[in-house]
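Here is how the chains run, residue by residue.
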Amino acid sequence: MAAAPLEPESSRVSFSWDFFWHGVLPPLIAAVPITLTLTVLAALGSAILSIPLSLCLGARSRWQRWPAQSYSLLLRGTPMLVQIYLIYYGLGSLVPREWMRHSWASPVLRDAFWYGLTALTLNETAYVAVILKTGLDGIDRGQQEAAQALGLSRTRTLTRILLPQAVRAVFPMLANELILLLKSTVLVSTITIFDVLGTANNLRFETLRVDEPLLGAACVYVVLVGLITLACAAVERRLRRPEA
Amino acid sequence: MSAWNAPLAGYGTQLLLGLIFTLQVALCSYTIGMVFGVLGAAAKLSRRRGLRLAAGLYTTLVRALPELLLVLLAFFLGAGLIERLLVFLRLASEDFSLNPFVVAVVALGFIQGAYLTEILRAAVLAIPRGQQEAARALNLPPLTYLGRIVAPQALRHALGGLGNIWLNATKDASLISVLGIFSDVLKVSSLAAAATKRYVFFYMVAGACFLALTLVSMALLEWLRRRLSLSRLA
């Protein structure tokens, strides 16, 4: 900024490239594995959990549909930050102190990471299930009947016939959802998890410099989103059926 | 302590004010987001390459960055830069500082604007090209064409998307609680939870408040959708 000479005797320090390259980027890049682990584990967890949820969402029985719809509405109708706090502070306060201190589970129960991961997974499941249901809805019912006529079990019909087609049909939406998931991982920085944003905030508090850590984090996220976008585009090209 | 306040440990009034504040943040940021969205869509559909590139950069960057990071960037970088620019241009006195509420709603609006840009652009593109030619043949003034022909149809195409962004706006309004300077419903709930040690209860109350906003919004959107649907006109 050319405004520097007009600057009153403020505490504002100008942007330092040296600090940016040597003080900020290395710790932020070192935190990338945490962000990616959260993203990948939450994506895998929600991929698994969303299958039964999407089936229940489309079920004929009210007793299956109703709980699934309530779950979907509750998780999608409230901010993720509230869900993270509810699980970290709320669930954390319900766990008996004794368990947290001396038990086989204490490393898990004391680590904010698992609370963050749980919140991310539960939230993501609701979104993925709705997408998956769209994909399942698009499949001709006749295929299910044909599979039945051929003597395929219900599980095999699901895993071999229905899911592959559904996933292929909604793959662009799922890829988009993965990017949204990567972006929501920053919210766990509020519960003392040192992902990329958590590390940037930590640098901010330690060095009292603001510009470099935040801009560094922005660069890291832009690169990560770019890489995931490219990877998804490559997968999408492979999934595209030759004749279509 | 009144009867309705007692179960909330005396935080009822604060929570209600917090909910109103959160709703204000959502409404203001959405309105500002609409301005960014209309400008962005106009730029993307423009014949000028420079405008198209700028709008493309805006939507790509904003959609690639996490919302919370953008809010922090706006508070710790953006606001300072704008303040210094205003001082430099002699539009403000040296001790000028932006109102935090304004910074918050502009930052959130800026984010929503990027998503609204894409929705509005797609909605305008869904209008058949022949209509533009017909309007020109009828010698319709460009503003009349935009206001009477494009806007009503585009709005109908965009309604679903606009509704989704509004639902996001109510949820994204919770992000400002991280800054710790506003008394929004989530911040009040956090304070109440920490003071009473009733974490589950107060975060559930916060969740219920946001869920109520979502449900009311969904009902209103459904009503709007029915009102605007073409089958009513037939």
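Going by the structure above, here's the rest.
Values in this document were obtained by computation on a predicted structure and should not be read as measured data.

### Some remarks on the overall build of chain A
Phase 1: Across its full length, chain A holds twelve helices and zero strands.
Phase 2: In chain A, the order of α-helices and β-strands from amino to carboxyl end is α-α-α-α-α-α-α-α-α-α-α-α.
Phase 3: Since a compact globule built from 244 residues should have a radius of gyration of about 18 Å, the 23 Å found for chain A marks it as more spread out than a globular shape.
Phase 4: Principal-axis analysis of the C-alpha atoms places the extent of chain A at approximately 80 × 55 × 30 Å.
Phase 5: The burial tally for chain A puts 43% of its 244 residues in the buried class.
Phase 6: By sequence separation, contacts in chain A at least 24 residues apart represent 78% of the contacts at least 6 residues apart.

### A word on the packing of aromatic side chains
Between two aromatic rings, the relevant description is the distance of the centres plus the angle of the planes.
Phase 1: What the rule picks out here adds up to 20 aromatic pairs over all chains.
Phase 2: Here the aromatic rings of Tyr89 of chain A and Tyr199 of chain B are separated by 5.9 Å at their centres, their planes lie at 20°, and the arrangement is stacked. Highlighted residues: Tyr89 of chain A in helix α4 (residues 80-94) and Tyr199 of chain B in helix α8 (residues 199-228), drawn from two different chains.
Phase 3: Each residue in the set Tyr85, Tyr88, Tyr89 and Tyr115 of chain A together with Tyr199 and Tyr203 of chain B is aromatic and connected to the rest through ring pairs, giving one cluster.
Phase 4: In this structure, Arg76 of chain A packs its charged tip against the face of Tyr127 of chain A, placed 5.8 Å from the ring centre.

### Observations regarding the environment of Val24 of chain A
Phase 1: In this structure, Val24 of chain A sits in helix α1 (residues 17-30).
Phase 2: For the pair Val24 of chain A and Ile193 of chain A, spaced 169 residues apart in sequence, the C-alpha to C-alpha distance is 18 Å.

### Points about the packing of helix α6 (residues 142-172) of chain B against α8 of chain B
Residue and element names in this part refer to chain B.
Phase 1: Running from amino to carboxyl end, α6 crosses α8 at an angle of 170°, the nearest separation of the two axes being 10 Å. In this view, α6 runs roughly antiparallel relative to α8, as classed from their interaxial angle. Between α6 and α8, the residues in contact are Arg156, Leu159, Gly163, Trp166, Leu167 and Thr170 and Phe210, Leu213, Thr214, Ser217, Met218, Leu221, Leu224, Arg225 and Leu228, respectively.
Phase 2: Of the residues in the contact of α6 with α8, the class split is nine nonpolar, four polar and two charged.

### Topic: the side chain of Thr199 of chain A
Phase 1: As for its placement among the helices and strands, Thr199 of chain A is situated in helix α11 (residues 196-207).
Phase 2: Excluding residues within four positions of it along the chain, Thr199 of chain A makes contact with Pro27, Leu28, Ala31 and Phe194 of chain A.

### Focus: the packing of α1 of chain A against α11 of chain A
All names here are of chain A.
Phase 1: Orientation of α1 relative to α11, taken along the N-to-C sense of each, is 135°, at an axis distance of 9 Å. Viewed along their axes, α1 and α11 adopt a mutual orientation that is oblique. Along this stretch, α1 crosses α11, giving a crossing that reads as right-handed. In this structure, α1 uses Phe19, Gly23, Val24, Pro27 and Leu28 to contact α11, whose residues at the interface are Val196, Thr199, Ala200, Leu203 and Thr207.
Phase 2: A class-by-class count of the residues in the contact of α1 with α11 yields seven nonpolar, three polar and no charged.

### Notes on helix α10 (residues 171-184) of chain A
Three- or four-residue spacings in an α-helix give side chains the same orientation, since the helix completes a turn every 3.6 residues.
Phase 1: Helix length check: α10 of chain A (14 residues) gives 20 Å between terminal C-alpha atoms against 20 Å at 1.5 Å per residue, within 8%.
Phase 2: Taken together, the buried positions of α10 of chain A are Phe171, Leu174, Ala175, Glu177, Ile179, Leu181, Leu182, Lys183 and Ser184 of chain A.

### Things to note about a nonpolar patch on the surface
Residue and element names in this part refer to chain A.
Phase 1: Judged by side-chain polarity, Val40, Leu41, Leu44, Val108 and Trp114 come together as a nonpolar surface patch covering roughly 430 Å² of accessible area.
Phase 2: When residues of the nonpolar patch are assigned to their parent elements, the largest contribution, three residues, is made by helix α2 (residues 32-57).
Phase 3: Position of Trp114 among the secondary structure elements: in helix α7 (residues 112-137).
Phase 4: A relative accessible area of 37% places Trp114 in the partly exposed class.

### Topic: the interface of chain A and chain B
Phase 1: With 40 residues of chain A at the contact, the number on the chain B side is 39 residues.
Phase 2: In this structure, the connection of chain A to chain B is made through one salt bridge.
Phase 3: In this structure, Lys183 of chain A engages Glu67 of chain B in a salt bridge whose closest nitrogen and oxygen atoms are separated by 3.7 Å.
Phase 4: Breaking the side of chain A that touches chain B down by element, the ones donating at least two residues are α3 (62-76), α4, α10, α11 and α12 (211-239) of chain A.
Phase 5: Looking at the side of chain A that touches chain B residue by residue, the class counts come to 27 nonpolar, seven polar and six charged.

### Quick look at the environment of Leu215 of chain B
All names here are of chain B.
Phase 1: Tracing the backbone shows Leu215 in helix α8.
Phase 2: On the basis of relative accessible area, Leu215 is assigned to the partly exposed category, the value being 39%.
Phase 3: Leu215 sits 48 residues away from Leu167 along the chain, and the two C-alpha atoms are 9.5 Å apart.

### Let's talk about the layout of surface pockets
All names here are of chain B.
Phase 1: Of the pockets and cavities examined, the second largest pocket occupies roughly 1100 Å³.
Phase 2: Along its surface, the second largest pocket is lined by 26 residues, and Val124, Gln132, Tyr145, Leu146 and Val150 are the ones closest to its centre.
Phase 3: At the level of elements, α1 (12-44), α4 (100-125), α5 (130-137) and α6 are the ones that each hand at least two residues to the lining of the second largest pocket.
Phase 4: Top contributing element to the lining of the second largest pocket by residue count: α6, with seven residues.
Phase 5: Residue composition of the lining of the second largest pocket, grouped by class: 20 nonpolar, three polar and three charged.

### Regarding unusual backbone geometry
Phase 1: Phi at Thr192 of chain A is positive, roughly 60°, even though this residue is not glycine.
Phase 2: Residue placement: Thr192 of chain A occurs in the loop between α10 and α11.
Phase 3: Its relative accessible area of 52% is what places Thr192 of chain A among the exposed residues.
Phase 4: Even without being a glycine, Asn139 of chain B presents a positive backbone phi close to 60°.
Phase 5: Along the polypeptide, Asn139 of chain B turns up in the loop between α5 and α6.

Reading the values: the criteria
Residues numbered from 1 in each chain as written. Chains lettered and ligands numbered in written order. Predicted model: local features only at pLDDT ≥ 70, side-chain atom pairs only at ≥ 80, totals over all residues. Heavy atoms only, no water. Helix = DSSP H or I, 4+ residues; strand = E, 2+ residues; numbered from the N terminus. Rg over C-alpha atoms; globule rule 2.2 N^0.38 Å. Buried < 20%, exposed > 50% of the residue type's maximum accessible area, 1.4 Å probe, protein only. Contact = heavy atoms within 4.5 Å. Phe/Tyr/Trp six-rings, centres within 6.5 Å; stacked < 30°, edge-to-face > 60°. Lys NZ or Arg CZ within 6 Å of the ring centre and 35° of its normal. Axes fitted to C-alpha atoms, helices over the stretch in contact; angles between N-to-C directions. Parallel < 35°, antiparallel > 145°, perpendicular 65-115°, else oblique. Nonpolar A, V, L, I, M, F, W, Y, C, P; charged D, E, K, R; others polar. Left-handed = near helix turned anticlockwise from the far one by under 90°. Expected span 1.5 Å × (residues − 1). Patch = residues over 30% accessible without salt bridge, like charges linked within 9 Å, V, L, I, M, F, W, Y side chains within 5 Å. Areas by Shrake-Rupley, 256 points an atom, 1.4 Å probe, with all protein chains shown as cover. Salt bridge = Lys/Arg side-chain N within 4 Å of Asp/Glu carboxyl O. 1 Å grid on protein atoms, 1.4 Å probe; cavity = no way out; pocket = protein on both sides within 12 Å on 5 of 7 lines; lining within 4 Å. Points joined across faces, edges and corners; volume = space filled by probe spheres on them.

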